[in-house]
Amino acid sequence: RRKQKRGRPWTASIKEGKGGRKRGVGRGEDEVGRRNVSWSFERVFAGRKRRSGEDLRRFVFEFLLDERPTMGSARIVAEERGPRYSLIGHEGAVRCIEFNEGGTYCLTGGSDRSVRLWNPKRGALVNTYMGAHAHEVRGVACTSSNDRFASCGGDRQVFLHDVGTGAVVRKFRGHEAKNVNAVSFSRQAGDQVLFSGGFDATCRAWDCRSNSVEPIQVLRDFRDSVTSLAASGYDVIAGSVDGTVRSYDVRTGKAVTDTFSGASSPPVTSVSLSSDSQCILVGVLNSRVGLLDRASGELLAQYHGHKNEEFKVDSMLTNDDAYVVSGSEDGKVYFWDLVEAEVVQTFEVNRNGAALAALAWHPEGEVLLTAATKGEIHVWACVQ
């Protein structure tokens, strides 16, 4: 149902997944390759004896060239031999993953207070940005020109970085609670307007061209923490722990509130848009993902089968809007057919059963990125 409502903030919150043991920092591409070879030997040849005179070098060569067998049409990700690469560098849990506009690079942020720039196609670390954050990084966003990116976390601040030099161009202060959960650029405004949302139950708009320390707009309609943001045109869509999805037109000030039916709406953990921006995919904390019509607020479909009852878990649509993809607290990735709302593929990422919270789908559908519990980001090949 839709409604307009204001109220006082309350204290409910969403827990964050726990990180694992620390890993080394700054391993090169060759080490990533060698690690995958060793891992693939253990997986493929586990449980059987090596035959006399058997040469395993051909398997290694084919594995590194990604010569995978043809999968059925229901397969979206070729997971049978594991990830193509493992991006190793973060120490502790990875909280957020974001591709740049063309999908050539990706940004990741984590509990080690760093933002890292990767080339996921080569499995290479391009740059590490440290020093800005004193606490964990919870959200990142990149401009369409790829020259700047924004990051947020447990600092009550939003940082605007220069990609080339690594310098912090701007610091946006104003959030009243410790954690800032999400950031998103307005493409319609030429990436000069940046939105942020956090634990202080507000969504704030910042002018990236101005030297003013004050936000240009503060949206205070939420009754609890803002968990996720998505900008489209002059609108910003925000999900909140209060169980609402609010859409704002920043030019006119018009606000529309969508809630799931029931006595109490479950907390919203993620919001994302379809490729035509006509639908909103909403992840909620009752092991459901809902597809909303943006114009009418009608619930078009619901997707279930995964587990999401405690942590903030990412969910999104594939680049062609054919499938819904989501992480899960059982450590797996789930794919649903958009129309039929049936699970068409699932595979395990975290073998210890730890929650899979952060993931990202390539803008052109080439790879899927998933965050593991020990600081790695796995790169999975997609079936063409």
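Structural data are supplied above this passage.
Residues numbered from 1 in each chain as written. Predicted model: local features only at pLDDT ≥ 70, side-chain atom pairs only at ≥ 80, totals over all residues. Heavy atoms only, no water.

A. Inspection of the packing of aromatic side chains at higher detail. This model, assessed by the stated rule, comprises 7 aromatic pairs. With 5.3 Å between their ring centres and 35° between their planes, phenylalanine 172 and tryptophan 206 make a pair best called tilted. Here the residue phenylalanine 172 occupies a position in strand β9 (residues 168-173), and tryptophan 206 occupies one in strand β12 (residues 203-207), the gap between them amounting to 34 residues. Owing to a relative accessible area of 2%, phenylalanine 172 belongs among the buried residues under this scheme. When its relative accessible area of 0% is taken as the criterion, tryptophan 206 is described as buried. Each ring, one from phenylalanine 347 and one from tryptophan 380, has its centre 4.7 Å from the other, and the planes form 55°; the classification is tilted. Separated by 33 residues along the polypeptide, phenylalanine 347 in strand β25 (residues 343-348) and tryptophan 380 in strand β28 (residues 377-381) bring together distant segments of the chain. Note on phenylalanine 347: relative accessible area 5%, which makes it buried. (Phe/Tyr/Trp six-rings, centres within 6.5 Å; stacked < 30°, edge-to-face > 60°. Helix = DSSP H or I, 4+ residues; strand = E, 2+ residues; numbered from the N terminus. Buried < 20%, exposed > 50% of the residue type's maximum accessible area, 1.4 Å probe, protein only.)

B. The sheet that holds strand β8 (residues 157-162), seen in detail. Spatial strand order, β6-β7-β8-β9: 4 strands in an open sheet with antiparallel pairing. Every interior strand has two partners, whereas the edge strands, β6 (137-142) and β9, have only one. For this sheet, the mean angle separating the axes of adjacent strands, direction not counted, is 20°. Where strand β7 (residues 148-153) lies against β8, 5 bridges are found, and the strand directions are antiparallel. Following the sheet pairing, serine 151 is matched in β8 by phenylalanine 159. (Pairing = 2+ DSSP bridges. Axes fitted to C-alpha atoms, helices over the stretch in contact; angles between N-to-C directions.)

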